[in-house]
Amino acid sequence: MKGAGRGVHEFRGVHEFSTDRPDRRPSPSDVLGKPIEDDAGVLVKVEAVQPVPSKPMSVRVHTAVGTAVVLWRGAPEAVGRQCHVEWTVGEDIAWGVNASPGAAGAPELREEGDHVVFRGRLGLAEDGGAVLEVAGAPILFDLAAPPPEGVDGSWVEVRVAQDQVTVWPYEV
């Protein structure tokens with residue numbers, strides 16, 4: 001999906017996605033070619049964390065399936081409230097490196113050191129991309145290499161650097 005010379009779009013709850021039509025935002029169904037549930041984003045509580053000079057603003061995001069500290073791309077006055085967010089992740093899935101079968105068949109968001117771990121159902125797209133659906137929030141990923149057979153539709157955990165995870169607030 002990267003570098004294909006197509007229009008790049010951000011989409012609610014997902015990583016970057018390209019289409020041949022830059023005037024159209026893709027849906028998760030466009031990516032996978034099959035219907036998946038999209039609840040119009042995830043309502044989360046956003047809590048301020050101690051600022052670090054010369055670094056982007058970070059917040060602790062509280063969801064129904066866990067919490068994590070991530071980068072914030074909203075107005076500072078929105079911190080401390082509940083809001084709908086879009087998730088973007090700037091790291092590809094590399095099976096056996098940052099992705100593995102899920103330890104449990106339930107969605108989860110957690111921190112492990114300076115990493116954020118997402119557990120959800122993985123859907124593979126024909127163009128080499130993937131959607132990880134975490135508690136109703138679809139998050140698009142590129143794949144560093146094809147994953148093993150049989151992972152499409154299975155529970156997986158993806159572990160990414162904290163500074164590669166961003167939330168963007170929006171109004172419903």
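The shown structure was predicted, so the numbers you read here are calculated from the model rather than taken from an experiment.

S.K.: Which parts of the structure should I look at to understand the pairing of strand E11 (residues 137-142)?
M.R.: Side-chain positions along a regular strand alternate between the two faces of the sheet. Most of E11 is tucked away: six of the six residues are buried. Side-chain alternation along E11 places Ala137, Ile139 and Phe141 on one buried face and Pro138, Leu140 and Asp142 on a second face that is also buried.

S.K.: What am I meant to see in the pairing of strand E10 (residues 129-134) here?
M.R.: Summarising burial for E10: five of the six residues are buried, a large majority. Here four bridges tie strand E9 (residues 115-124) to E10, and the two strands are oriented antiparallel to one another. Paired with Leu124 across the bridge in E10 is Ala130. The hairpin turn running from E9 into E10, its antiparallel successor, is four residues long, and Gly128 in that turn takes a positive phi close to 95°.

S.K.: What am I meant to see in unusual backbone geometry here?
M.R.: Glycine aside, negative phi is the norm for most residues, and most peptide bonds take the trans geometry. At Ala135, a position not held by glycine, the phi torsion is positive, near 50°. Relative to the assigned elements, Ala135 resides in the loop between E10 and E11. A residue is classified by how much of its surface remains accessible, and Ala135, at 38% relative accessible area, is partly exposed.

About the thresholds
- Residues numbered from 1 in each chain as written.
- Predicted model: local features only at pLDDT ≥ 70, side-chain atom pairs only at ≥ 80, totals over all residues.
- Heavy atoms only, no water.
- Buried < 20%, exposed > 50% of the residue type's maximum accessible area, 1.4 Å probe, protein only.
- Helix = DSSP H or I, 4+ residues; strand = E, 2+ residues; numbered from the N terminus.
- Pairing = 2+ DSSP bridges.

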